[in-house]
Amino acid sequence: MGYVGTVQPTAVRDLYGAVQHEGATKGLLITTGGFGPSSYAWANGKPLTLITGTELLHLCQEYSIPARILHPPRARRTRAN
């Protein structure tokens, strides 16, 4: 199942902290959902790449990898009588 929300900037900051701590040269954060403007702004200029679900599907298609993202069913609302 895919994540449908917007990844918060805290996740991007956490990834950057892990990149720095481990001495990695690059961090890659992939979500089946998306990123908000503040996540992109925070990652700008840092060795981080943010990939959305749509971009992930395009990459899979480019390399002939069959893929799809399934989102969990939405909760049904019931009326109180």
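For the structure itself, consult the block above.
Below or above, wherever it landed, is the structure these notes cover.

The rules behind the values
Residues numbered from 1 in each chain as written. Predicted model: local features only at pLDDT ≥ 70, side-chain atom pairs only at ≥ 80, totals over all residues. Heavy atoms only, no water. Phe/Tyr/Trp six-rings, centres within 6.5 Å; stacked < 30°, edge-to-face > 60°. Helix = DSSP H or I, 4+ residues; strand = E, 2+ residues; numbered from the N terminus. Expected span 1.5 Å × (residues − 1). Contact = heavy atoms within 4.5 Å. Buried < 20%, exposed > 50% of the residue type's maximum accessible area, 1.4 Å probe, protein only. Core = buried A, V, L, I, M, F, W, Y, C linked by side-chain atoms within 4.5 Å. Patch = residues over 30% accessible without salt bridge, like charges linked within 9 Å, V, L, I, M, F, W, Y side chains within 5 Å. Areas by Shrake-Rupley, 256 points an atom, 1.4 Å probe, with all protein chains shown as cover. Salt bridge = Lys/Arg side-chain N within 4 Å of Asp/Glu carboxyl O.

So, the packing of aromatic side chains
- Considering all chains together, one arrives at two aromatic pairs under this definition.
- For the ring pair Tyr 16 and Trp 42, a centre distance of 5.6 Å and an interplane angle of 75° mean the geometry is edge-to-face. Of this pair, Tyr 16 sits in helix H1 (residues 9-22) while Trp 42 sits in helix H2 (residues 37-43), and the two are 26 residues apart along the sequence.
- Ring centres 5.8 Å apart and planes at 70° place the aromatic pair Phe 35 and Tyr 40 in the edge-to-face group.

Structural notes on H1
- In a regular helix each residue adds 1.5 Å, so 14 residues correspond to 20 Å; H1 covers 20 Å between its end C-alpha atoms and thus fits that length.
- On its buried face, H1 is in contact with strand E1 (6-7), strand E2 (27-30), H2 and strand E4 (48-51).

Focus on unusual backbone geometry
- Of note in the backbone geometry, Ser 64 takes a positive phi value of approximately 55° without being a glycine.
- Along the chain, the position of Ser 64 falls in the segment after helix H3 (53-62).
- For Ser 64, a relative accessible area of 65% puts it in the exposed group.

Considering the nonpolar core
- Ranked by size, the top nonpolar core spans nine residues in total: Val 7, Val 12, Leu 15, Val 19, Leu 29, Phe 35, Ala 43, Leu 48 and Leu 50.
- If you list the elements that add at least two residues to this core, you get H1 and E4.
- Setting aside its immediate chain neighbours within four residues, Leu 15 contacts Gly 27, Leu 28, Leu 29 and Leu 48.

A few points about a nonpolar patch on the surface
- On the surface, Leu 59, Tyr 63 and Ile 65 cluster together into a nonpolar patch covering about 310 Å² of accessible area.
- Position of Tyr 63 relative to the elements: it lies in the segment after H3.
- Judged by relative accessible area, Tyr 63 falls into the exposed class, the value being 56%.

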